[in-house]
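# Results of the structural survey
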Amino acid sequence: MIRLARGLAAAGVLGLNRRNAQYTLALNPRHLYPLVDDKLRTKQLAARAGIAVPELYGVIEIERQVRDVHALMAPHSEFVVKPAQGSGGDGILVISGRSGDCYRKVDGELISRSDLEHHVSGILSGMYSLGGQPDRALFEYRVQFAPVFEAISYRGVPDIRIIVFLGVPVMSMVRLPTRASGGKANLHQGAIGAGIDIATGTTVNAVRANSQIGRHPDTGNPLTSIVIPGWESLLMLASSCHALSGLGYQGVDIVLDRDKGPLILELNARPGLNIQIANGDGLLRRLRRVERDGRDLASPAARVQFAREHFAAVVPSVI
Amino acid sequence: MNMRRLYLLSGLLAGIALATFAYKSLVLGFPLLPDARSEYWNLEVSVDFTPGDEPVQVSLQIPESSSRFAVMDENFISRGYGLMTRRTDSGRQAVWSSRMDEGEKTLYYRARIRRLPAGGVGAQPPAPEVGVPEPDEVSGPLADAVIEEVRARSADTESLTRELIAQLHRSQPDENVALLLGEAPTGLRAMSVAARLLVRAGIPARVVHGIRLQEQRQLLAPVHWLEVLIEDRWWSFMGAAGESLPDEFFPWWRGDQPPVRFRGVTSQSYHFAISRSAEMAVTAAIEGGRIRHPLLAEFSLFRLPLETQAIYQILLMVPLGVLLLVIMRNVIGVKTFGTFMPVLIALAFRETQLLWGIVLFCIVVGMGLAVRLYLERLKLLMVPRLASVLIVVILLMAVLSLLSHRMGLERGLSVALFPMVILAMTIERMSIVWEERGAAEAFRQGMGSLFVAVLAYGVMTRETLEHLVFVFPELLLLVLAATLLLGRYTGYRLLELYRFRVLARE
């Protein structure tokens, strides 16, 4: 057991206690949390800073407005409804079209107008928000997924998570939905996490439920050596989120849109640690490296440069 | 980093705790371990009668504190009756009276008796000569003859008393003694005669009526012995051999009176009952101990009223449970529902007993979860949904209590002690985890919570620990110091070693 602890320390694995004590508690001031916990505020902030986010169609804040939702969404045939303070992808409803008076969900199921109203009411009552406090419902642009992950995701939303420490992107992975995860990109629900080499933007290693896998269980396609187009711009986008939120240690979630390129989905003040397993590498050494040499890098470009130089994947793809 | 400040603060707290602890235990002699000999007993007398046409008066002999026993928390249950307590020749008396009453009536007297650990068992310091009979003249010559005979065969008051008792208890007593005892003498009669004879001989003596402090005797009869004043101390003589009194005998009243006297009633009876009450043993140890220091004694928790003490006895154990919880969560990495839920459940286990507690907890949570998962389909809004779960939990608890009561399982009633809001929140969180992460994860976290609750129960019910934190509450500063330090523990959690094991390098 002690040997295991030493082994983890040698690999620079970051534990939950250390992440909390030395990174999130120390570098993420509490008053900034609402900025990232509330997706509406994140979105407004990002839009003001010129950072690309899915376009906001409208917000429903009080129960009385719920009936107006149909008029509000009339111009858009496709849209996404999500709680502003939701977590783990709960309460997100993706509408891909209409059929008469009904809305069509991505899986083809039709829901009535009152079903949609009920869903919005549920969001307002805080059904999906963190502490159960009243929430707002956001209506936004439905992302048209870039084809890069099409072969290795089962429905749902593959998103790219980049850990940004003091503005430097230190580690990254893409979360791929599976049939078992119900199309959700949550690792603990059975989604696949594939580590991405910061230097090249290539997937190097993939895990599911803590064990390495080579191919997607539903599509059968190889998970590694997928090159993400425009990797440099993704890193730039992630790096600029440091100034945006003010958080020293954060997880940036990005989706790739076919037409609009990378868009920021949300920021996370307490990003999980499973990304280390997906990359087959610990975070701690990279964080220390940034603390030592990467503090004074002024521009996002310099920070991205620093990251690509120092955080190239050490573990070649294992298949 | 402010680590130095943290170490300093923790060190300071630990220092204060240990210094006070050392001073109290080494210098003041506060006991480190609960005294096994000291005990609490609950005493109850019930008096049944049917009032007649005249005003009713019932007088009951009630015990009083001595150097060996403390009588406290006295409680008289006597609806509709006037109550007065007074001192008489035979000790304390409670007198209930009523001008008019009808129908069968039961009056209760309840008290808690503490056996004090200190003090000699054989003799007591002089007390007022309660219950010493008046010398009577009627059977004078007869009595004098017996006294003379016994005196001739003894050396001092003690041997005289023994000899006298032996004479009176003989199966074939001699003529004079037989006349004094009358027909079919009882043990009580023999002791009563002995007291009168001794008084006549100029030796203060009295009959004592008491009970034996024994576990769970529902109907117990008073026992009787003799007390004789020898060299300013009352000595007890018991039984035919005049043995000294074992210390489990509790003296109740003295003299020739019966324990209860009735006036104006048509039928009457009375019962004594006694039961051990263990929860206050710690208090007993302390008060019987050597706490003489005025200041510290003043600030001791033992100055609080008994009920409040009982509450603090439980409350002071909570920090230990919480420390355990911190260790389990932050060092081991066990996942639990709600931060302090396991500790609160452990508190409930204290009342229900462990096995029953676990069974009841599983039943309530399991059934609540089933209902909650059904409610999920109704797509209720959050607050009404939580409220519904809470209502269901309370109904479940009521049904469980009813069922177990009907089946004669009184333990099931204690389900009411479960913190129902906590249970409702547990069910809510468990169902969310169930939805989001699957049944296996919900089950794992549920088991984790239960596991920590059982451990916390184990820690929080250790009698030695209970005694320590109650007598030395400053030790909780030590717990605080440890908790503060754990607040900056940045090492791996034990279960993380397993989680990240694939990443380990040689």
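In this text the structure is predicted, and so the values were computed from the model without any measurement.

As a further point, take the overall build of chain B. The helix and strand inventory of chain B stands at 17 helices and 13 strands. Each of the 506 residues in chain B was classed as buried or not, and the buried ones make up 33%. Residue pairs in contact within chain B that sit at least 24 positions apart in sequence constitute 77% of those at least 6 positions apart.

Take the overall build of chain A next. For chain A, the count of helices and strands is 10 helices and 13 strands. Relative to its 319 residues, chain A shows a buried fraction of 45%. Of the contacts made within chain A by residues no fewer than 6 positions apart, 63% connect residues no fewer than 24 positions apart.

Another point: the sheet that holds strand S12 (residues 260-263) of chain B. Strand-to-strand pairing in sheets goes through backbone hydrogen bonds, with the strands running parallel or antiparallel. All names here are of chain B. Pairing within the open sheet is antiparallel, and its four strands lie in the order S4-S5-S2-S12. The sheet terminates laterally at strand S4 (82-88) and S12, the two strands that pair on one side only. Pairwise comparison of adjacent strand axes, ignoring direction, gives a mean angle of 20° for this sheet. Here seven bridges tie strand S2 (residues 56-62) to strand S5 (residues 91-98), and the two strands are oriented antiparallel to one another. Looking at the pairing, Val56 lines up with Ser98 of S5.

To continue, consider the packing of helix H12 (residues 382-406) of chain B against helix H13 (residues 420-437) of chain B. Residues and elements named next belong to chain B. For the pair H12 and H13, the least separation of the axes is 9 Å and the interaxial angle reads 120°. What the angle tells us is that H12 and H13 run oblique. Considering how the two elements wind past one another, H12 and H13 form a crossing that is right-handed. Of the residues in H13, those in contact with Leu386, Val389, Leu390, Val393, Ile394 and Met397 of H12 are Met420, Val421, Leu423, Ala424, Ile427 and Glu428. For the contact of H12 with H13, a count of residues per class yields 11 nonpolar, no polar and one charged.

Residues and elements named next belong to chain A. Read from one edge of the open sheet, seven strands run S11-S10-S9-S8-S7-S12-S13, paired in antiparallel fashion. In the strand order of this sheet, the two ends are held by strand S11 (211-212) and strand S13 (261-268), each with one partner. As judged from the six bridges shared by strand S7 (residues 159-165) and strand S12 (residues 249-257), these two strands associate in the antiparallel manner. Within the sheet, the bridge partner assigned to Arg161 lies in S12 and is Asp253. Sheet strands in contact with helix H7 (residues 231-245) are S7, strand S8 (168-176), S12 and S13, and its direction is about 35° off that of S13.

Our next topic: the interface of chain A and chain B. Listed by partner, the interface residues are 30 residues for chain A and 23 residues for chain B. For the side of chain A that touches chain B, the secondary structure elements donating two or more residues are helix H1 (2-10), helix H2 (16-27), helix H6 (113-124) and helix H8 (275-279) of chain A. Class assignment for the residues of the side of chain A that touches chain B results in 11 nonpolar, 17 polar and two charged.

It is worth spelling out the confidence of the model for chain B at this point. Residues and elements named next belong to chain B. Averaged over every residue, the pLDDT of chain B is 79; residues scoring 70 or more account for 84%. Here helix H6 (residues 281-287) stands out as the least confident element of chain B, with mean pLDDT 48; helix H16 (residues 475-486) is the most confident, with 94. Counted against residues more than four places away or in other chains, residues 119-123, with its pLDDT under 50, gives eight contacts. Low confidence marks residues 278-282, where pLDDT is under 50. Its contacts with residues over four positions away, or in another chain, come to 12 contacts. Among the scores for the predicted complex, ipTM is 0.79 and pTM is 0.66.

Here we take up the nonpolar core. The tendency in soluble globular proteins is for nonpolar side chains to be buried side by side. Within the largest apolar cluster, 65 residues are counted, with the highest numbers of intra-cluster contacts made by A:Val170, A:Ala194, A:Ala238, A:Ile254 and A:Ile264. Residues B:Leu369, B:Met460, B:Leu477 and B:Leu478 belong to the second largest nonpolar core, which totals 54 residues.

This paragraph deals with the packing of helix H11 (residues 354-378) of chain B against H13(B). Residue and element names in this part refer to chain B. Here H11 crosses H13 at 55°, and the two axes come no closer than 9 Å. With respect to H13, the element H11 is oriented oblique. Read as a crossing pair, H11 and H13 show a hand that is right-handed. Within the contact between the two elements, H11 uses Val364, Val365, Gly368, Leu369, Arg372, Leu373 and Glu376 and H13 uses Leu423, Thr426, Ile427, Glu428, Met430, Ser431, Trp434 and Glu435. When grouped by side-chain class, the residues that make up the contact of H11 with H13 number eight nonpolar, three polar and four charged.

Turning our eyes to something else, we now look at unusual backbone geometry. All names here are of chain A. Here the phi dihedral of Leu166 falls at roughly 50°; this positive angle occurs in a residue that is not glycine. Its location among the elements puts Leu166 in the loop between S7 and S8. With a phi close to 65°, Ser225 is a non-glycine residue in the positive phi region. Checked against the element boundaries, Ser225 lands in the loop between S11 and H7.

This next bit is on the environment of B:Asn176. Residues and elements named next belong to chain B. The residue Asn176 is located in helix H4 (residues 175-181) in this model. When the 19 C-beta atoms within 10 Å are taken as the criterion, Asn176 is described as partly exposed. Through-space distance from the C-alpha of Asn176 to that of Pro141 is 9.7 Å; in sequence the pair is 35 residues apart.

Moving on: the environment of B:Trp225. Residues and elements named next belong to chain B. Topologically, Trp225 is positioned in strand S9 (residues 223-230). For the pair Trp225 and Glu243, spaced 18 residues apart in sequence, the C-alpha to C-alpha distance is 9.6 Å. Contact partners of Trp225, with chain neighbours within four places excluded, come to Met191, Val208, Ser236, Phe237, Met238 and Leu245.

Thresholds applied
Residues numbered from 1 in each chain as written. Chains lettered and ligands numbered in written order. Predicted model: local features only at pLDDT ≥ 70, side-chain atom pairs only at ≥ 80, totals over all residues. Helix = DSSP H or I, 4+ residues; strand = E, 2+ residues; numbered from the N terminus. Buried ≥ 20, exposed ≤ 12 C-beta atoms within 10 Å, placed from the backbone. Contact = placed C-beta atoms within 7 Å. Pairing = 2+ DSSP bridges. Axes fitted to C-alpha atoms, helices over the stretch in contact; angles between N-to-C directions. Parallel < 35°, antiparallel > 145°, perpendicular 65-115°, else oblique. Left-handed = near helix turned anticlockwise from the far one by under 90°. Nonpolar A, V, L, I, M, F, W, Y, C, P; charged D, E, K, R; others polar. pLDDT = per-residue confidence, 0-100. Core = buried A, V, L, I, M, F, W, Y, C linked by C-beta atoms within 7 Å.

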